[in-house]
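Coordinate inspection notes
The lines below spell out each chain.
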Amino acid sequence: MTSEAAFPANFLWGAATSAYQIEGQPLADGAGPSIWHRFAHTPGRVANGDTGDLACDHYRRFEEDVALMADLGLGAYRFSVAWGRVLPEGRGSVNAKGLDFYRRLVDALLERGIAPMITLYHWDLPAALHDRGGWLNPDSPAWFADYAQVLFRALDDRVPLWVTINEPWVVTVPGYLDGELAPGHRDPFEAPRVAHHLLLAHAEAVAAYRSLGGRHRIGLAVNLEPQHPASPTPENQAAARRRDAFINRWFLDPLYLGRYPAELATIFGAAWPEFADADLARIRSTSDSVLGGSLGTGCATDFIGVNYYSRGLVRADPNTQPLGAIRISPENAPRTTMGWEVYPPGLTETLLWIKEHYGNPPTYITENGAAFDDPPPADGLVPDPERVDYLRAHLRAAHAALEQGADLRGYFVWSLFDNFEWAQGYSQRFGLIRVDPPNQARILKASARFYQNVIRANGV
Ligand SMILES: OC[C@@H]1[C@@H](O)[C@H](O)[C@@H](O)c2nc(CNc3ccccc3)cn21
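Everything quoted here is computed from the prediction, not taken from an experiment.

What follows concerns the pairing of strand 11 (residues 408-414). Among the seven residues in strand 11, six count as buried, and that is most of the element. Here five bridges tie strand 1 (residues 12-16) to strand 11, and the two strands are oriented parallel to one another. Bridge pairing in strand 11 links Leu 12 to Gly 410. Where strand 10 (residues 363-368) and strand 11 come together, four bridges link them in parallel fashion. Within strand 11, the position partnered with Thr 363 by the bridge is Leu 408.

Here it is as structure tokens:
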């Protein structure tokens, strides 16, 4: 099959998930509860009272699921480790059974020729650490680095790609500012400090990886969305710039430029603390060599993981604090069931923005996908034409960035399975493969077959 957009020969094709969203049995074999176990079991926090107690039952079914990944022809699989399975108290003694699950999962992937990409933290902080202040505690970077070292020592001989933290912005803003996600705090004085500790945690984990002689690649996954003024008024343009600093630059500027965006001090006002220069230097060191030296030296962050779903269309709104900006939904634009506009050009724009602003670091699209109201299966396959169209358009957008020089190394669909969509529970379906928790059947969607063909053709 000739493809309109042919990708580089060694381009990595994957799919992504996370532990709490698919594994189920969060307390099995000595695992300690996470803040998401607590949050989901708190009445009113998750739609329909859904929890991750069963999810996709992947903790039990992982061998069957790896076989499905191999059928699709995945070159890589991105998943996260539940910190509390490995360290039930978040620190201290290792739970051998918990670590062994991930060792068996990695070995099953390698046996099928699928490269593991492990995310060390995808939002499920051990509750025991939250009880010690969690990401607000200045010791949290050290807790995270100690946990990371347990995984590096156990698995780095077999894991070529590591992501330290998934979306520190989402950990910070829905977690500590607007309270939508665990731990559900709403405090502008907490959020900047949490963000800072997450960046330090990333830096300490990268430094630990280097000091252990880590032989592979380690990066950070960030959610990015271009911010466009709803109309070209000065107020809307200023509001888009504020939202761009708040969402897109909050974490990447410190990592690659060694400073926070100046807008954040204005946005947070008195709630924005003075951060030590030594901290910013430590954080930046995790990216120095990408800009200047050879990859993998010093504490360098080797790659950026981009989680792209949509853009933000922004209007100034003094009633929406602290930003004074509100994201609006464009009239008549195609949208997913999450309410997010389908906007493929934003992916090209995002990848070229990274190239231009941060020195064209190696980049993986670590998440891209869409939720739609999929119809029921017909003849053993779920027809999901909207998702096929979404993926095709975004793959072409990614290819356009490649053609303009972006150092894009791979693409991971979010998600392999319909799964637990955080505060929206199981009401949102992102999967290439349909899963209904009550019966746990895995039913391929047309988008799975589409993606299988993309992988075979190495193009779209
Ligand atoms: O919502 C879909 C996925 C989610 O299931 C993943 O666990 C997470 O990594 C993820 N991040 C985004 C993008 N950003 C976002 C913004 C605000 C709240 C939640 C996610 C989407 N998704």
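It is worth spelling out the site of the ligand at this point. Within the structure, the ligand sits among 15 residues, and Gln 21, His 122, Glu 167, Glu 367 and Glu 421 are positioned closest to it. A distance of 2.7 Å separates an oxygen atom of the ligand from a polar atom in the side chain of Gln 21. One of the side-chain nitrogen or oxygen atoms of Glu 421 is found 2.7 Å away from an oxygen atom of the ligand. Protein burial of the ligand: of its 470 Å² of free accessible surface, 89% is covered by the chains.

Looking now at the UniProt feature "active site" (unreviewed entry) in the chain. In the numbering adopted here, UniProt assigns the feature "active site" (unreviewed entry) to Glu 167 and Glu 367. A maximum C-alpha distance of 10.6 Å is found for the annotated residues, which run over 201 residues; spatially they form one tight group. Tracing the chain through its elements places Glu 167 in the loop between strand 4 (161-166) and helix 8 (168-176). Setting aside residues no more than four positions away along its own chain, Glu 167 makes contact with Trp 123, Ala 221, Val 222, Asn 223, Asn 307 and Glu 367. Of note, Glu 367 is situated in strand 10. When neighbours within four sequence positions are excluded, Glu 367 is seen to be in contact with Arg 78, His 122, Asn 166, Glu 167, Val 306, Asn 307, Tyr 308, Tyr 309, Phe 412 and Trp 414.

Trp 36, Trp 135, Phe 246 and Trp 250 are the most contacted members of the largest nonpolar core, which has 155 residues in total. The residues touching Trp 36, leaving out its near neighbours within four places in the chain, are Tyr 20, Val 46, Trp 123, Asp 124, Leu 181, Ala 182, Phe 420, Trp 422 and Ala 423.

Right, let's get into the packing of aromatic side chains. For the structure shown, the criterion picks out 44 aromatic pairs. Here the aromatic rings of Trp 83 and Tyr 147 are separated by 4.5 Å at their centres, their planes lie at 5°, and the arrangement is stacked. Of the two residues, Trp 83 sits in helix 4 (residues 83-86) while Tyr 147 sits in helix 7 (residues 140-155), which places them 64 residues apart along the sequence. The exposure classification of Trp 83 matches that of Tyr 147, with both residues buried. Ring geometry for Tyr 121 against Trp 135: centres 5.2 Å apart, planes inclined by 70°, an arrangement best described as edge-to-face. Separated by 14 residues along the polypeptide, Tyr 121 in strand 3 (residues 115-121) and Trp 135 in the loop between helix 6 (127-130) and helix 7 bring together distant segments of the chain. The exposure classification of Tyr 121 matches that of Trp 135, with both residues buried. Following the ring pairs from residue to residue traces out a cluster consisting of Trp 169, Phe 246, Trp 250, Phe 251, Tyr 260, Phe 268, Trp 272 and Phe 275. Against the face of Tyr 59 rests Arg 85, its NZ or CZ located 4.1 Å from the ring centre.

Conventions and cut-offs
- Residues numbered from 1 in each chain as written.
- Predicted model: local features only at pLDDT ≥ 70, side-chain atom pairs only at ≥ 80, totals over all residues.
- Heavy atoms only, no water.
- Buried < 20%, exposed > 50% of the residue type's maximum accessible area, 1.4 Å probe, protein only.
- Helix = DSSP H or I, 4+ residues; strand = E, 2+ residues; numbered from the N terminus.
- Pairing = 2+ DSSP bridges.
- Near = heavy atom within 4 Å.
- Polar contact = N/O pair within 3.5 Å; in protein donor to acceptor, adjacent residues only side chain to side chain.
- Areas by Shrake-Rupley, 256 points an atom, 1.4 Å probe, with all protein chains shown as cover.
- UniProt positions renumbered as here; feature names shortened; annotations may be inferred.
- Contact = heavy atoms within 4.5 Å.
- Core = buried A, V, L, I, M, F, W, Y, C linked by side-chain atoms within 4.5 Å.
- Phe/Tyr/Trp six-rings, centres within 6.5 Å; stacked < 30°, edge-to-face > 60°.
- Lys NZ or Arg CZ within 6 Å of the ring centre and 35° of its normal.

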